[in-house]
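Fold and contact review
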Amino acid sequence: MKLQALIVDDEPLAREWLRSALNEDPGIEIIGESGDGFQAVQAIEEKKPDVVFLDVQMPGLDGFGVLGMIDPTQMPAVVFVTAFDQYALRAFDVHAVDYLMKPFSPERVRDAVDRVRTHVDKRSSAELKETILRLVEEVRRERQYPEWLLLKNEGKSLFVKVKDIDWIESSRN
């Protein structure tokens, strides 16, 4: 079975480098790329990848914000990708499978993919659900309220910063 991967990074060259390294593995299928956190949330919901290679620091919605917006039952394995080592501890606190420091070698990417395969092979649905619920709870605990809201209307999705909201009213439920 091929692992389906999503690459999320705001830097096109970083996506290209990661894509090139992942394409060397016939057991990986890249099913999409996103240049920002908002696109990542939509891609994860729509494409349901097995693993997301997720940049930590992006404008707008960062990697940790992406995790906070994903339905826990839809959470893929996560490998954080960043040039900043100060996020490493936090990445593992939210149960990331691995952490790639830019610039990384193709060998290091292979090691991360091996860890993802081991993670995917070992996890049972009960273990996965428990891990995901813990992850989401930890992310939510860090914020008193979400930074962004995903609003859906007539088949379209729109991200809105909570601080920009003056009034919320419901016409039904």
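The sections below set out a description of the structure shown in this document. The structure displayed is predicted, hence computed values, not measured ones. (Residues numbered from 1 in each chain as written. Predicted model: local features only at pLDDT ≥ 70, side-chain atom pairs only at ≥ 80, totals over all residues. Heavy atoms only, no water.)

**As for the pattern of salt bridges**
- Applying the stated criterion to the full structure yields 12 salt bridges.
- Of the charged contacts in the structure, one is a salt bridge between Arg15 and Glu33, with a shortest N-O distance of 3.5 Å. With Arg15 in helix H1 (residues 12-23) and Glu33 in strand S2 (residues 28-34), this residue pair connects regions lying 18 residues apart in the sequence.
- Given the relative accessible area of 16%, Arg15 is considered buried.
- Since its relative accessible area comes to 32%, Glu33 is described here as partly exposed.
- Between Arg110 and Glu24 there is a salt bridge whose closest N-O contact spans 3.3 Å. Of the two residues, Arg110 sits in helix H5 (residues 106-122) while Glu24 sits in the loop between H1 and S2, which places them 86 residues apart along the sequence.
- Look at the salt bridges and you will find they share partners, linking Asp9, Glu11, Asp55 and Lys102 into a network. (Salt bridge = Lys/Arg side-chain N within 4 Å of Asp/Glu carboxyl O. Helix = DSSP H or I, 4+ residues; strand = E, 2+ residues; numbered from the N terminus. Buried < 20%, exposed > 50% of the residue type's maximum accessible area, 1.4 Å probe, protein only.)

**Looking at the pairing of strand S7 (residues 156-161)**
- Sheet topology places strand S6 (residues 148-153) next to S7; six bridges connect them, and they run antiparallel. Within the sheet, the bridge partner assigned to Leu150 lies in S7 and is Phe159.
- Counting the residues in the hairpin turn of S6 and S7 gives two residues, including Glu154, whose phi is positive at 50°. (Pairing = 2+ DSSP bridges.)

**Considerations on the packing of aromatic side chains**
- Counted according to the given criterion, the structure contains three aromatic pairs.
- Between Phe38 and Phe159, the ring centres sit 4.4 Å apart and the planes meet at 45°, which makes this aromatic pair tilted. One end of the pair, Phe38, is in helix H2 (residues 37-47); the other, Phe159, is in strand S7, and 121 residues separate them in sequence. Accessibility assignment for this pair places Phe38 and Phe159 in one class, buried.
- Here the aromatic residues Phe38, Trp148 and Phe159 are joined through ring pairs into a cluster of three or more. (Phe/Tyr/Trp six-rings, centres within 6.5 Å; stacked < 30°, edge-to-face > 60°.)

**Concerning H2**
- Of all the residues in H2, the buried ones are Gly37, Phe38, Ala40, Val41, Ala43 and Ile44.
- Where H2 is buried, its residues touch strand S1 (3-8), S2, strand S3 (51-55), helix H3 (63-69), S6 and S7.
- By the N-cap criterion, in which a side-chain oxygen at the helix start approaches the backbone nitrogen of a residue two or three places on, H2 is capped by Asp36, the distance to Phe38 being 2.9 Å. (Contact = heavy atoms within 4.5 Å. Polar contact = N/O pair within 3.5 Å; in protein donor to acceptor, adjacent residues only side chain to side chain.)

**Remarks on the nonpolar core**
- Counting 24 residues, the largest nonpolar core has Val8, Val41, Leu54, Leu61, Val66 and Phe80 as its most contacted members.
- Looking at this core, the element that brings in the most residues is H2, giving five residues.
- Listed in part, the 20 residues of the second largest apolar core include Ile7, Leu18, Ala21 and Leu22. (Core = buried A, V, L, I, M, F, W, Y, C linked by side-chain atoms within 4.5 Å.)

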